[in-house]
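Residues per chain are reported as follows:
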Amino acid sequence: MKLGRVISTAVVGLMLSTSLSLAGPEIVSGPGADPACFAPWVADTKYMQWQAKEGPYKIAVVNGFVGNGWRIQMIKTAKAFAEDPAMKDKIAEFKVVSTGTDAPAQLGAIEDFINQGYDAIVTIAVSPEGFDRVIRLADKNDVVLVPFDNVLDTDKVMQVNEDQLLMGQTWAKFALKELAAKGVSSGNILEVRGLAGNSVDRDRSIGINEVLEADAGDWKVTQVVGNWDDGTAQKVVADAIAVHGHFDAIIAQGGTVGVVQAMIDSGHPFVPVTGESENGFRKLVAKHSGEGLKGISIGQSPGLVAIAMKAAVSALEGNVMPQLISVPLPVADYTELEDGKNFWSDLPDNFFTVNEFPPCGVNISGPSIMAQTEADVK
């Protein structure tokens, strides 16, 4: 009986040890690996460490929505980075899927990759909530799950993003500064939102409206949904102009080429416009800034996928990682635009211009991105 108890204790200990080894990351002390690249979001960001695995690794990208140029370029960027010399030897198998805007479909795809034995899954979340089940499954199987861009409302996984609240605030402050320079302290502002239900759209809009509400001016804000897509944004802005007549500024989250084109087509005078880092938007601002198109372009880069992939591999190698990794906002306004430097007249309008992250050794060229197929975007 005594021997039986000893054996039972040993078995229980082995079970506990196995359970703990498959319980996901430990919370550990910082600093983390390569802080110039994997910068913690704030000073008190916690740090995580996974049990090291021997590579090369099986990595998947599970995208959701694919109905705009940013998502297509993101997928092409992921493919290009998987072939980059810095990553290629570390990846045994690489797959990309897009599931649309249906959250259960995205969760199911993540579960499938976990069950297939993938080591890491990088994802743009359809919704900031509802991932508890797949997080538990990933932890149980010692899989590194890395949301980026549209991140989750949780601190249970490592995530990569730019500060979306700050981006919205920066846009609104720019618009108010340009209006003040014209002596305008009240009026109508059009806010062109992104894809409904995403944390990025939510946080950017919160930042925009916090600044406008805190301003001493009297501003009426009209919101339309542009889905970060040029065609959609052009239509909803044209409709808004037809209904409301005039706006003193347009604060757009994306689809900004369509926003400006709607102004041109309707004969609306140029006003301050904020937007993303679309090459076409920067071309238009560079061309028309002297006519009143005072623009600011902040890049939520499709290249974030490369940082997320690099972070996933670093975690799989057993390195200490920040739970939330901050990527600085790349900003250029109408006074700073230069052809061949931060926009390119010979590249398509829907190309997003910011894909270089020198602190991370990530420099994915436009031609290498554009050369990738669109086979996995649907």
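Just above sits the structure.
All values derive from a computational prediction rather than experimental measurement.

Cut-offs applied
- Residues numbered from 1 in each chain as written.
- Predicted model: local features only at pLDDT ≥ 70, side-chain atom pairs only at ≥ 80, totals over all residues.
- Heavy atoms only, no water.
- 1 Å grid on protein atoms, 1.4 Å probe; cavity = no way out; pocket = protein on both sides within 12 Å on 5 of 7 lines; lining within 4 Å.
- Points joined across faces, edges and corners; volume = space filled by probe spheres on them.
- Helix = DSSP H or I, 4+ residues; strand = E, 2+ residues; numbered from the N terminus.
- Salt bridge = Lys/Arg side-chain N within 4 Å of Asp/Glu carboxyl O.
- Disulfide = S-S within 2.5 Å.
- Buried < 20%, exposed > 50% of the residue type's maximum accessible area, 1.4 Å probe, protein only.
- Pairing = 2+ DSSP bridges.
- Axes fitted to C-alpha atoms, helices over the stretch in contact; angles between N-to-C directions.
- Contact = heavy atoms within 4.5 Å.

## Concerning empty space enclosed by the protein
A complete count under the given rule lists one cavity of 30 Å³ or more for this structure. Taken as a whole, the largest cavity holds about 110 Å³ of empty space. Secondary-structure elements contributing two or more residues to the lining of the largest cavity are helix H2 (69-82) and helix H7 (199-214).

## Points about the pattern of salt bridges
In total, this model carries 13 salt bridges according to the counting rule given. Taking the shortest distance from any N to any O, the salt bridge between arginine 193 and aspartate 201 comes out at 2.7 Å. Connected through shared salt-bridge partners, Lys58, Glu93 and Lys95 make up one network.

## Considering the state of the cysteines
Applying the stated criterion to the full structure yields one disulfide. Between the sulfur atoms of cysteine 37 and its disulfide partner cysteine 360 the distance amounts to 1.9 Å. Linking cysteine 37 and cysteine 360, the disulfide has an S-S dihedral of approximately 100° and is accordingly described as right-handed. On the criterion of sequence distance, the pair formed by cysteine 37 in the loop between strand S1 (26-28) and strand S2 (39-40) and cysteine 360 in the loop between strand S17 (356-357) and strand S18 (362-363) is long-range, its members being 323 residues apart. The pair formed by cysteine 37 and cysteine 360 is uniform in burial state, with each residue classed as buried.

## A word on the sheet that holds strand S14 (residues 321-322)
The antiparallel open sheet is built from three strands, whose spatial order is S1-S3-S14. Each edge of the open sheet is held by one strand with a lone partner, namely S1 and S14. In the sheet, S1 pairs with strand S3 (residues 47-49) via three bridges, with the strands oriented antiparallel. Residue pairing for S3: valine 28 is matched across the bridge by tyrosine 47.

## Re the sheet that holds strand S12 (residues 273-275)
A sheet is described by the order of its strands in space; here six strands give the open sequence S10-S9-S11-S12-S13-S16, paired in mixed fashion. Edge positions in the sheet fall to strand S10 (218-225) and strand S16 (331-333), since each has one partner strand and no second. Along the sheet, successive strands turn relative to each other by an average axial angle of 15°, direction set aside. Two strands pair when backbone bridges link them, and strand S11 (residues 249-252) and S12 are joined in this way by two bridges, in the parallel orientation. Each bridged residue has a counterpart across the sheet, and for isoleucine 250 the counterpart in S12 is valine 273. Set on the sheet, helix H8 (residues 230-244) makes contact with strand S9 (186-193), S10 and S11; between it and S10 the angle comes to about 135°.

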